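Per-entry structural report
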Amino acid sequence: ILGAGVIVAIAIIYSSTGGGTSVKKPTAATNQAQQPSQVSVPLFKECLDSGKNAQKVESQSQDAVAAGGRGTPYSVIVDKNGKLFAFSGALPYDQVKLMVDNALAGKAQSAKSDSDSINMKPVSSDDHILGSISAPVKIVEFSDLECPFCKRFHATMQQVVKENNGQVAWVYRHFPLDQLHSKARKEAEATECATDQGGNEKFWAYIN
């Protein structure tokens, strides 16, 4: 597990684009501006070995369960009025876009639309956010880094953020499914170790 994490970290270090992915690089306008930075492999290994981010991952996992999550990806839309609407699975772009349009119009609907039953921690500056924290609509995704459906859904979420011109933000929270993916929890901790050194730029480079 550790070796795999270090390999990923090294890939991040030597990428001139912060991971070489199609994720749009954050700008000053999103309050996430980061200067290109390298990840020290020794410090990365020390962080991962120490387990310093284990509680953060566990806290987000518990938040996922409290919010109604049972599998991944599990997502909660926060509409412009602060109402919460949940959906499960790697839905295709067209379906997500329809829900986003409804959320922007203040009339979001989903199979689970009772805000009172979705006990989720509010989005804050401590979250990993692609887009602006002040975007009128936010999609909080609880995700497992070893989940193939989550990886497919990430492409959808990148497109949603890109095509909505600052109106939608993607918020990523960890939800490792230990019973299915034995490496997922440590992989989640590894992303936080990369973040400790390189900020959100390195986090988004790592998960994509």
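Our subject in this report is the structure included herewith.

Let us look at the pattern of salt bridges. Going through the model one piece at a time under the given rule, you end up with eight salt bridges. A salt bridge links Asp-196 to Lys-52; the nearest nitrogen and oxygen atoms lie 3.4 Å apart. A residue pair is termed long-range when its members are at least 10 positions apart, and Asp-196 in helix α6 (residues 184-207) and Lys-52 in the loop between α2 (41-50) and α3 (54-66) qualify at 144 residues. Overall, the relative accessible area of 42% leaves Asp-196 in the partly exposed class. For Lys-52, a relative accessible area of 54% corresponds to the exposed category. Between Glu-192 and Lys-56 there is a salt bridge, with its nearest N and O atoms 3.0 Å apart. Highlighted residues: Glu-192 in helix α6 and Lys-56 in helix α3, separated in sequence by 136 residues.

Another aspect to go through is the sheet that holds strand β2 (residues 84-88). Within the open sheet, the five strands sit side by side as β2-β1-β4-β5-β3. Their pairing is mixed. At either end of the open sheet lies a strand with only one pairing partner, and these are β2 and β3 (128-130). For this sheet the average axis-to-axis angle between neighbouring strands, irrespective of direction, equals 25°. Two strands pair when backbone bridges link them, and strand β4 (residues 137-143) and strand β5 (residues 168-174) are joined in this way by seven bridges, in the parallel orientation.

This part takes up unusual backbone geometry. Omega for the bond connecting Thr-72 with Pro-73 falls within 30 degrees of zero, at -10°, which places this linkage in the cis form. Residue placement: Pro-73 occurs in the loop between α3 and β1 (74-78). Positive phi, close to 50°, is recorded for Asn-165, a residue that is not glycine. Note on placement: Asn-165 falls in the loop between α5 (148-163) and β5. With relative accessibility at 69%, the residue Asn-165 sits in the exposed group.

This brings us to the packing of α3 against α6. Where α3 contacts α6, the axes come no closer than 9 Å and their chain directions differ by 115°. In terms of crossing hand, the pair formed by α3 and α6 is right-handed. Across the interface between the two elements, Ala-54, Lys-56, Val-57, Glu-58 and Ser-61 of α3 pack against Arg-185, Ala-188, Glu-189 and Glu-192 of α6. Partitioning the contact of α3 with α6 into residue classes produces three nonpolar, one polar and five charged.

About the cut-offs
- Residues numbered from 1 in each chain as written.
- Predicted model: local features only at pLDDT ≥ 70, side-chain atom pairs only at ≥ 80, totals over all residues.
- Heavy atoms only, no water.
- Salt bridge = Lys/Arg side-chain N within 4 Å of Asp/Glu carboxyl O.
- Helix = DSSP H or I, 4+ residues; strand = E, 2+ residues; numbered from the N terminus.
- Buried < 20%, exposed > 50% of the residue type's maximum accessible area, 1.4 Å probe, protein only.
- Pairing = 2+ DSSP bridges.
- Axes fitted to C-alpha atoms, helices over the stretch in contact; angles between N-to-C directions.
- Left-handed = near helix turned anticlockwise from the far one by under 90°.
- Contact = heavy atoms within 4.5 Å.
- Nonpolar A, V, L, I, M, F, W, Y, C, P; charged D, E, K, R; others polar.

Nothing here speaks to function; it is all geometry.
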